[in-house]
Amino acid sequence: MELKIVVLVKQVPDTKNITGEAMKEDGTVNRIALPAIYNPEDLNALEMALQLKDRYGGEVTVLTMGPPKAAQVLRESLYRGADQVALITDRRFAGADTLATSYTLTAAIRKIVPDFDLVLCGRQAIDGDTAQVGPQTAEKLGVPQITYAARIDSLENGKITVRREFDGGHELVRARYPVLLTVVETANEPRPPKAKKMMALKNAASEFELIDRLKKYPEFTDIDTLRNYLKQKGFYIPIVTADELDIDMDRIGLGGSPTKVKKINSVVLSGGELKLFETTNESVRSLINELVEDYILG
Ligand SMILES: Cc1cc2nc3c(=O)[nH]c(=O)nc-3n(C[C@H](O)[C@H](O)[C@H](O)COP(=O)(O)OP(=O)(O)OC[C@H]3O[C@@H](n4cnc5c(N)ncnc54)[C@H](O)[C@@H]3O)c2cc1C
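Every value quoted in this text rests on a predicted model; they were computed, and no experiment measured them.

*Asks:* I keep staring at the nonpolar core and nothing clicks. Help me out?
*Replies:* A general trend in soluble globular proteins is that nonpolar side chains are found buried together. In this structure, I5, V7, V62, L155, I160 and L181 are the most contacted members of the largest nonpolar core, which totals 52 residues. The element contributing the most residues to this core is helix α1 (residues 40-56), with eight residues. In contact with I160, other than residues within four places in its own chain, are L118, I146, I152, S154, L155, V173, R174, A175, Y177, V179 and L181. Ranked by size, the runner-up nonpolar core spans 25 residues in total, among them Y103, F116, L141 and V143.

*Asks:* Could you clarify how one ought to interpret the site of the ligand in this entry?
*Replies:* Not every one of the 29 residues close to the ligand is listed here, only the nearest: L8, K10, D42, D97 and T130. One of the side-chain N or O atoms of T98 is found 2.9 Å from an oxygen atom in the ligand. A distance of 2.8 Å separates an oxygen atom of the ligand from a polar backbone atom of V133. Contributing elements (two or more residues each) for the shell around the ligand: β4 (58-65), α3 (98-112) and β6 (118-122). For the shell around the ligand, the per-class residue count stands at 13 nonpolar, ten polar and six charged.

*Asks:* Before we go on, may I ask you to explain helix α7 (residues 223-233) in this structure?
*Replies:* Structural remark: α-helix, 3.6 residues per turn; residues separated by three or four positions point the same way. Within the sequence span of α7, burial applies to L226, R227 and L230. Looking straight down α7, one finds that the buried residues subtend no more than 100° of arc, so they occupy a single side. At its buried positions, α7 is contacted by β11 (205-206), α6 (210-216) and β12 (236-237). The distance from a side-chain oxygen at the start of α7 to the backbone nitrogen of D224 is 3.0 Å, and the residue carrying that oxygen is D222.

*Asks:* What should I look at first to understand the side chain of R213 in this one?
*Replies:* By the element assignment, R213 lies in helix α6. Of the polar contacts made by the side chain of R213, one reaches the backbone oxygen of A204; its length is 3.2 Å. A distance of 2.7 Å separates polar atoms of two side chains, one belonging to R213 and the other to D212. Non-local contacts of R213, meaning those with residues more than four positions away in its chain, are made with R75, K202, N203, A204, A205 and L226.

*Asks:* Just checking my understanding: could you explain the sheet that holds strand β9 (residues 169-176) for this structure?
*Replies:* What holds strands together in a sheet is hydrogen bonding between their backbones, with the strands either parallel or antiparallel. Reading across from one edge, β9-β8-β7-β10-β6-β1-β4-β5-β13 is the order of the nine strands in this open sheet, with mixed pairing throughout. The sheet terminates laterally at β9 and β13 (239-240), the two strands that pair on one side only. Relative to β9, strand β8 (residues 159-166) is paired through eight bridges, and the arrangement is antiparallel. In the strand pairing of β9, R164 is matched with E171. Sitting on the sheet, α3 is in contact with β1 (3-8), β4, β5 (84-88), β6 and β13, with an inclination near 145° to β4.

*Asks:* I keep staring at the side chain of D90 and nothing clicks. Help me out?
*Replies:* The topology assignment puts D90 in the loop between β5 and α3. Side-chain polar atoms of D90 contact the backbone nitrogen of A242, separated by 2.9 Å. Beyond its immediate stretch of four places on either side in the chain, D90 contacts T241, A242 and D243.

Analysis parameters
Residues numbered from 1 in each chain as written. Predicted model: local features only at pLDDT ≥ 70, side-chain atom pairs only at ≥ 80, totals over all residues. Heavy atoms only, no water. Core = buried A, V, L, I, M, F, W, Y, C linked by side-chain atoms within 4.5 Å. Buried < 20%, exposed > 50% of the residue type's maximum accessible area, 1.4 Å probe, protein only. Helix = DSSP H or I, 4+ residues; strand = E, 2+ residues; numbered from the N terminus. Contact = heavy atoms within 4.5 Å. Near = heavy atom within 4 Å. Polar contact = N/O pair within 3.5 Å; in protein donor to acceptor, adjacent residues only side chain to side chain. Nonpolar A, V, L, I, M, F, W, Y, C, P; charged D, E, K, R; others polar. Arc of directions from axis to C-beta. Pairing = 2+ DSSP bridges. Axes fitted to C-alpha atoms, helices over the stretch in contact; angles between N-to-C directions.

Following this line, the structure appears as structure tokens:
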């Protein structure tokens, strides 16, 4: 069985480095000001896809919706073994909440891999932290969803059996595919990028990066011949704009987003006063009283 697997990945601000410039006046994230990384659980989703391909054969397609610089997570996906990638990018997608994001991603999946067997997402993105895009995309694709996927136990006769893991337990769930899974960080250890692939693909470029690449390929005098060369070599990162998707323009980007992020604060939790208690009944009683007084208990 050859599987058609789509992996949705997001480039996220490295939230460990949030600065005052993080937010723009209009409440959207100032992505330019923050170092960008591959969303951690999306690496687990990609690893699960690559393990399925190793086991059953097939093709892994990685999609991301984001600004031009998000091409970097697609290059990193190619370094790890993805077969094809696409950058879903357009100024009209900017400021999208989860509703508009899942709407756009659904249209992109339908255009690029209409006969998919599996869509794999991370459980959650570390910036919005909503864990909503996976389930919303499944809903719009009209396929079953299995969230918190930690392991695929079997894949046969059109059915998939998945072990879900969540606080305090796990369960085995079976569904017919096509199906969408959201993957947790405990699912696997993402394989490192292959050095040979990194050397070969480091110059893989999207349309936005061609001018920059011309400097690296002095033998090419113009963008068109360079683009054709990169396409032949499989180093061309295709972009998909709003005009190439079967979508209602009122349902994308900030305009298509009922949720607006008003403000984000960088909250740094610091250790407070440390108090030691004896393990005597008396002492435990006074600890409980204190917790009740502080409205932590009761
Ligand atoms: C601090 C903050 C709070 C926010 N709060 C809300 C809110 O309450 N409601 C709301 O609707 N929006 C909210 N947003 C906007 C939201 O972040 C964006 O809509 C975002 O594109 C998707 O939501 P998420 O980051 O929560 O992703 P999640 O739903 O947590 O992402 C889950 C998975 O979906 C896939 N995915 C998510 N985004 C993309 C993408 N752009 N391209 C490809 N795959 C993707 C990835 O596999 C990811 O692991 C918030 C943004 C910020 C920065």
